[in-house]
Amino acid sequence: MKELVAAVDLGPGVRAGFTTRSGGVSAPPWDSLNLAGHVGDDPAAVAANRDAVAAWLGVPVAYATQVHGAHVRCVAGPPPPGTLSVGEADALVTTSTQVGLGVLVADCAPVLLADPQAGVVAAAHAGRPGLVAGVVQATVAAMRDLGAQVDRVVAVVGPCVAGRSYEVPASLRDDVAAAVPGTGCVTDWGTPGVDVAAGVRGVLAGLGVRRVEVVGTDTYHEGSLFSYRRDGPVTGRFAGLVRLLGPGALGGSPPSRLRGTIAATMP
C-alpha cells in the first residue's frame with residue numbers, strides 16, 4: 001500500500017513530508033487526498049483527509065489562508081478542532097511539539113525548514129508572487145527570531161511546477177529574474193519561463209542556508225500531484241507538512257523517498 005505522505009529528512013527530532021493526491025476520500029475532480037477547503041470540495045471529505053495526514057504527523061495541523069504574500073505567522077499550539085485556517089499568512093513557524101504546520105500547493109513550491117538543535121520548524125508557500133515578495137527571507141527571519149541559527153537550518157523545496165513547464169510572458173520572466181536572480185529560464189517548447197525552485201534555492205543560499213534539498217518532481221507533468229496549470233481552477237491541493245517531535249522521540253523522518261530528489265549542500 002502506498003504511503004500517505006512521502007517523508008523527507010529535516011534532521012533528528014523533526015517529522016516532515018509531502019502528500020500526493022492519493023490516499024484520501026475526495027471525489028473527482030478533487031480525487032482523492034485534497035486538503036484545501038476553498039476549492040469546492042465536500043467539507044466532510046476535506047476534514048477526513050486532514051485528519052488522516054494529522055494522524056501521520058501525530059499532532060493536529062495548522063494551515064493558513066494563503067494569499068501569495070510574505071507574512072509569517074507564529075503558531076503557539078494546536079488550533080481548535082475543525083479550524084480550516086489560523087489566519088492569513090504564507091508561512092508558518094513554531095517551536096511547539098504539539099502542532100504540525102501545513103502549506104497547501106498545486107504548482108507553487110512548498111518549502112519546509114528546521115533547525116532541530118534550536119527546536120524551530122517552518123513551512124512556507126512560495127509561488128512566483130510570494131517569492132518576489134520575499135516570503136523565503138521572511139520565513140528564515142522569523143525562525144531566527146525564535147532562536148534558529150541560519151547555518152544550522154535544513155530546508156527541503158518540495159514538488160512544484162518546473163521551469164521547463166512554467167510559461168510566462170517575456171516581460172514577466174524578466175521582472176521576476178531581476179527580483180530573484182536565477183529564476184529566468186526557457187520552457188521545453190522554447191518560450192520564456194520561471195523556475196521557482198531555483199529561485200527558492202538561490203534565496204536560501206544567499207541567506208546562508210547551506211543544507212538545501214530540492215525535490216525535482218514537476219507537478220505539471222506528474223499526475224500523482226495536483227496541478228493548477230495542468231488541470232485548471234477546479235482541482236485539489238497537496239501539502240508540505242512538518243512538526244517537532246516531543247522529548248525522547250527516536251529520530252525524525254526517514255530519508256526522502258520522493259521521485260526525482262536532488263540533494264545539495266551549498267558551498
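Above this text is the structure in question.
In this report, we go over the structure that sits alongside the text. The residue numbering used here restarts from 1 in each chain and proceeds along that chain's sequence as written. With the structure being a predicted model, the display of local features is reserved for residues of pLDDT at least 70 and the display and counting of side-chain atom pairs for 80 or more, all residues being used for whole-chain, interface and lining totals. Computation of side-chain values covers all heavy atoms of the structure but excludes hydrogens and water.

Concerning the pairing of strand β7 (residues 109–115)
Counting buried positions over the seven residues of β7 gives seven, a clear majority of the element. Neither face of β7 is left uncovered, since the one carrying A109, V111, L113 and D115 and the one carrying P110, L112 and A114 both have all their residues buried. A strand pair is defined by DSSP finding two or more bridges across the two strands. Counting from the N terminus, the helices are the DSSP runs of H or I reaching at least four residues and the strands are the DSSP runs of E reaching at least two. The antiparallel pairing of β7 with strand β8 (residues 120–126) creates a hairpin that spans four residues between the two strands, and G119 there sits at a positive phi of about 75°. Pairing analysis gives four bridges linking β7 to strand β9 (residues 154–157), with the strands arranged antiparallel. Bridge pairing in β9 places A114 opposite V154. Note on exposure labels: buried denotes an accessible area under 20% of the residue type's maximum, exposed denotes more than 50%, and partly exposed covers the range between, all computed with a 1.4 Å probe on protein chains only.

Describing unusual backbone geometry
Here the residue pair P28 and P29 is connected by a cis peptide bond, since its omega of 5° sits within 30 degrees of zero. Assignment of secondary structure puts P29 in the loop between β2 (14–19) and α1 (43–57). D31 connects to S32 through a cis peptide bond whose omega is -10°. Unlike most non-glycine residues, H68 shows phi in positive territory, near 65°.

Brief notes about the packing of aromatic side chains
Only centres within 6.5 Å qualify two rings of Phe, Tyr or Trp (six-membered ring in Trp) as a pair; their planes then separate them into stacked at under 30 degrees, edge-to-face at over 60, and tilted for everything else. According to the stated counting rule, one finds zero aromatic pairs in the structure shown. Looking at R15, its charged tip hangs above the ring of W56, at a distance of 3.8 Å from the centre. Any Lys NZ or Arg CZ found within 6 Å of a ring centre and within 35 degrees of that ring's normal is scored as a charge over the ring. The lysine or arginine in question, R50, covers the ring of Y63, its NZ or CZ lying 3.9 Å from the ring centre.

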